[in-house]
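# Coordinate inspection notes
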Amino acid sequence: MTFKATMAAWEYARLQGSVAPKSVRWAAPCAIFAVIVHKTLHDWTDWGSNLEPPLSSDSTMWTLFSSILGFLVVFRAQLSYARYWEGITLVERACAVWMNGVSNLFAFVSADPKKQQEVNDFQHITAR
């Protein structure tokens, strides 16, 4: 894949298989909403600047949040690791079935010396 030097930045997101356009569609409204809430609380009201962060002195909430987040990350990692090994096992099983089939084809080919060239051609085509 070659890139033209004249491509604009937004054209890079249009590459085949890119998830950038879909991500931007979800992230942009959330970012705009966050900016509006921030401006509303801190610039346009006087009580927003007097607020202290509610979790700055309460370490129990941070501990609970960190514990739940850690549990979720570990659970997801274990689940993905299990799926990976299940996929590897299924691929190995499929390879074994194909190998068994090819071995059976090779075992039952003709032993006639007159057909040796045809047998060799068949084995080479089948093995590839």
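Along each chain, numbering runs from 1 in the same order as the chain's sequence is written. Reporting in this predicted model follows two pLDDT cut-offs: at least 70 for local features of residues, and 80 or more for side-chain atom pairs to be given and counted; totals over whole chains, interfaces and linings ignore these cut-offs and use all residues. The basis for the side-chain values is all heavy atoms of the structure; hydrogens and waters are excluded.

Here the focus is the overall build of the chain. Strands here are runs of E lasting at least two residues and helices are runs of H or I lasting at least four, both read from the DSSP assignment and numbered beginning at the N terminus. A count of helices and strands for the chain gives four helices and zero strands. N-terminal to C-terminal, the α/β element order of the chain is α-α-α-α. Here the chain holds 128 residues, and 2% of them are scored as buried. Where accessible areas are quoted, they stem from the Shrake-Rupley method and a 1.4 Å probe; at the residue level, only the protein chains shown are allowed to cover. When the accessible surface of the chain is summed, it comes to about 11800 Å², and 66% of that surface belongs to carbon and sulfur atoms. Burial classification: accessible surface area is computed with a 1.4 Å probe over protein chains only, and a residue below 20% of its type maximum counts as buried, one above 50% as exposed, and the rest as partly exposed.

Residues spaced three or four apart along an α-helix face the same direction, because each turn holds 3.6 residues. Take the number of residues in a helix, subtract one, and multiply by 1.5 Å to get its expected span. Compared with the 33 Å implied by 1.5 Å per residue over 23 residues, the 31 Å span of helix 2 (residues 20-42) between its first and last C-alpha is a close match. By the largest-angle criterion, Ala27 marks the main kink of helix 2, which is about 25 degrees, and a proline, Pro29, follows within four residues. The bend reported for a residue corresponds to the angle between axes fitted to the seven residues ending at that residue and the seven starting there.

Attention shifts here to a nonpolar patch on the surface. Patches here are clusters of residues that have more than 30% relative accessible area and form no salt bridge, with a 9 Å joining cutoff for like charges and a 5 Å cutoff for nonpolar side chains (Val, Leu, Ile, Met, Phe, Trp, Tyr). Counted as salt bridges are all cases of a side-chain nitrogen of Lys or Arg within 4 Å of a carboxyl oxygen of Asp or Glu. Residues Met61, Leu64, Ile68, Phe71, Leu72, Phe75 and Leu79 make up a contiguous nonpolar surface patch of roughly 690 Å² in combined accessible area. Checked against the element boundaries, Phe75 lands in helix 3 (residues 59-107). Judged by relative accessible area, which is 46%, Phe75 ranks as partly exposed.

Once that is clear, we can look at the packing of aromatic side chains. Any two of the Phe, Tyr and Trp rings considered here, Trp counted by its six-membered ring, make a pair once their centres fall within 6.5 Å; the pair's planes then place it as stacked at under 30 degrees, edge-to-face at over 60, or tilted in between. Following the criterion strictly, the structure yields three aromatic pairs and no others. Look at Tyr84 and Trp85: their rings are 5.2 Å apart centre to centre, the planes differ by 75 degrees, and that puts the pair in the edge-to-face class. Through a chain of ring-to-ring contacts, the aromatic side chains of Tyr81, Tyr84 and Trp85 assemble into a single cluster.

In the contact formed by helix 3 and helix 4 (residues 116-127), the axes pass within 11 Å of each other and the chain directions differ by 180 degrees. On the basis of their axis angle, the class for helix 3 and helix 4 is roughly antiparallel. Listed contacts from helix 4 to Val102, Leu105 and Phe106 of helix 3 are Phe122, Gln123, Thr126 and Ala127. Orientation is described by axes fitted as lines to C-alpha atoms, over the contacting stretch for helices, and by angles from 0 to 180 degrees between their N-to-C directions. Should an angle fall under 35 degrees it is called roughly parallel, over 145 degrees roughly antiparallel, and 65 to 115 degrees roughly perpendicular, with every other angle called oblique. For this analysis, residues touch if any pair of their heavy atoms sits within 4.5 Å.

Scored from 0 to 100, pLDDT reflects the predictor's confidence in each residue. When pLDDT is averaged across the chain, the result is 80; 74% of the residues are at 70 or more. Taken element by element, the predicted model of the chain shows its lowest mean pLDDT in helix 1 (residues 9-12) (58) and its highest in helix 3 (92).

Time to look at the environment of Val119. Within the fold, Val119 resides in helix 4. By relative accessible area, which is 9% here, Val119 ends up buried. Distance in space between the C-alpha atoms of Val119 and Phe106 is 8.9 Å, their sequence separation being 13 residues. The residues contacting Val119, other than those within four sequence positions of it, are Val109 and Ser110.

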